[in-house]
Amino acid sequence: MEPGTDSPAFLASDVDGGTPLTAARMSASDADRESDAPVKKQRRVRTGCFTCRDRHLKCDEALGQCQNCRKSGRICRRGVRLNFVDTQVVAPPTYLQPPATSRVTFQDDSRTIASEYVGGLERYPPPEQDSSLGSHSQPAAASIESAAAPLFKSSRPTDRHLAFKDPTEVSLMQVFVEKVAPCMDVLDELKHFSRILPLHALREPMLYAAFAACAGSASDDGMRLYNTAVQTLSESLSDPLRDSALCATTAVILEVAKLLVLGPIETQRPPAESTARSLIRECQWSTQSLGLGKVCSWANIVMELLDCLVSHRALVWDPDTWGVDMNFAQVQPSVTGKEEVWAQRMIYLCAKVTDFWTASLHSGRQAGTSTDIHHRLQEWTVYNRWCDKWIALAPRSILPLGELQSWQANHHTVFPQIWLLDRSATFAQLFYHITRIILIKADPVPSEHTPEQQALQYHAYRVCGIMSSDKDSGIPLFSMPLLAIAAECLVDREAQEEVLRILDKIMHDTGLKTQQVKDKLSTTWGWGPYHGHPHAPNPSMALNSADPHHNLTGAELQQGTTDPTLNFDGALENHPYLDHHFPSFHEL
């Protein structure tokens, strides 16, 4: 390079000759015009494709496929690329638990979304360290938090030293908590009726009145306690500012009190929604709710199912809306765990079979074309397979821990002695065998051969065996209706007489009224009204109770007929239906 080539004289070139221009050849006016001309900058691509960016090429931003990608045969990737750079937060993220009555659920997918971007997932702490965030995959923790939330509008901090002082009140609450509440909590992991609601009864007179009605049902004062609870609920329903959750909970408890006071036969209500069900709808509770809403929904379902089993009618609350998962594809047998979920599955299955059985009774087993019978057989087969899968995949804790044949028992009995671990196992096993009995009776193509009759007797003996060997009399709240259904199938005289002794023991231990059940069974067996000394049975009538071809008479069909479309949506405003479902004793 020659000296002086870096001077300003060499910064410009002659267009014609290409020789350098000297400062002398540039006039002052030319220099001024050149300084005023705008400098043209290279345009930067802002919306180019990712492929050109990664190759450090200028993209022509053509829609569809740019020129570079078209020539090279590459995929022209478009989109918006984000980088997780600023992750500063004022405080650690927290999970706000929704109220118990909320039907909205939240799912945190931020970790999954962040993994789609460069450096996104690395900004998150490992899952095991993310303790400050609540997780929707931990239903137990969520249920505990929801249980700690206020249950009712009037809920407020309770005086820690507040307690029942009256001896009668203490006695009634003890009976409810120790005898009645455990039966109602059989589907509830948190045990609302025995652990949580009794604490609220300290400040809620209506709740206490319902508890007292259940506890005093077997006493001479049971009529007054029941009427008091019904009147208290009726007065609360007339208040437009009522606490719907408190009223619904009280109504569910009164459904149980009605069963305890009147017995399972006389509690058959009109073919319409119960008061408890209507109030549950008002609260927008369902089996998918958290906390108290879920507990009350399942308790009401069980009470309605028992009523439908006795009265041979379809359920008003459609089982398909309960949200029960009957997919057993991913289920593996386990020793213990989720007993409540498996019990709910059996309740759902029993409800579906009950509706199927009721429909077949009302339409006639042999009625319809061959196509109708084929469709009913397909539906029956699905339910039968569900039962097979349930008993094969249920946790070991639900199955019997001990079984003794009748001749091995330490007392005279014709039924097997079956030992189950707890109330949940007893609950599930009773409904399982009852479902099997109903399936045999509802078989669209029944078999007259011995195996089907043997299966019917087998399941009936299992139900009676659970009842005779259980210390809690088979969970008294629903033991008598289920025992009555199973006992109707018995054809052996000695077994029939032992069922009556079991009912006498239930009445002695719990105070439940069993005379109506004994009278109905005696009539079914052909004995006539039972007065403590059964007459000789009529063999023909006894066999009819176990005959799968037996259909209901016209009077029985008329009594059990129901219209599932009936409801009390319009009655929620003035609640006149209360008296129809919770009758006072002076009206009986």
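An account of the accompanying structure is given in this report. (Residues numbered from 1 in each chain as written. Predicted model: local features only at pLDDT ≥ 70, side-chain atom pairs only at ≥ 80, totals over all residues. Heavy atoms only, no water.)

## Some details on the packing of aromatic side chains
Now for step 1: Under the counting rule described, the total for this entry stands at 13 aromatic pairs.
Now for step 2: Joined through ring pairs, the aromatic side chains of Trp298, Trp322, Tyr348, Phe356, Tyr383 and Trp386 make up one cluster.
Now for step 3: Between Arg277 and the ring centre of Trp317, over which it is positioned, the NZ or CZ distance is 3.7 Å.
Now for step 4: Here the guanidinium or amino end of Arg493 rests over the ring plane of Trp527, the centre of that ring lying 5.1 Å away. (Phe/Tyr/Trp six-rings, centres within 6.5 Å; stacked < 30°, edge-to-face > 60°. Lys NZ or Arg CZ within 6 Å of the ring centre and 35° of its normal.)

## Examining the packing of helix H8 (residues 205–215) against helix H9 (residues 222–237)
Now for step 1: Remark: H8 packs on H9, axes separated minimally by 8 Å, with the N-to-C direction vectors making an angle of 150°. When the axes of H8 and H9 are compared, the pair comes out roughly antiparallel. Crossing geometry of H8 relative to H9 is assigned as left-handed. Along the contact surface, H8 presents Met206, Ala209, Ala210, Ala212 and Ala213, while H9 presents Leu225, Tyr226, Ala229, Thr232, Leu233 and Ser236.
Now for step 2: When its residues are assigned to classes, the contact of H8 with H9 shows nine nonpolar, two polar and no charged. (Axes fitted to C-alpha atoms, helices over the stretch in contact; angles between N-to-C directions. Helix = DSSP H or I, 4+ residues; strand = E, 2+ residues; numbered from the N terminus. Parallel < 35°, antiparallel > 145°, perpendicular 65-115°, else oblique. Left-handed = near helix turned anticlockwise from the far one by under 90°. Contact = heavy atoms within 4.5 Å. Nonpolar A, V, L, I, M, F, W, Y, C, P; charged D, E, K, R; others polar.)

## Here we look at the pattern of salt bridges
Now for step 1: All chains considered together, the criterion is met by ten salt bridges.
Now for step 2: The salt bridge partner of Asp307 is Arg313, with a shortest N-O separation of 2.6 Å. (Salt bridge = Lys/Arg side-chain N within 4 Å of Asp/Glu carboxyl O.)

## A few points about the nonpolar core
Now for step 1: Counting residues in hydrophobic clusters, the biggest one holds 131 residues, and the most contacted among them are Trp322, Phe431 and Val499.
Now for step 2: Looking at this core element by element, the count peaks at 14 residues for helix H10 (residues 244–262).
Now for step 3: The residues contacting Val499, other than those within four sequence positions of it, are Phe415, Cys464, Leu483, Ala487, Leu490, Leu521 and Trp525.
Now for step 4: Core analysis: the next-biggest nonpolar cluster, separate from the first, contains six residues, Cys52, Cys59, Cys69 and Cys76 among them. (Core = buried A, V, L, I, M, F, W, Y, C linked by side-chain atoms within 4.5 Å. Buried < 20%, exposed > 50% of the residue type's maximum accessible area, 1.4 Å probe, protein only.)

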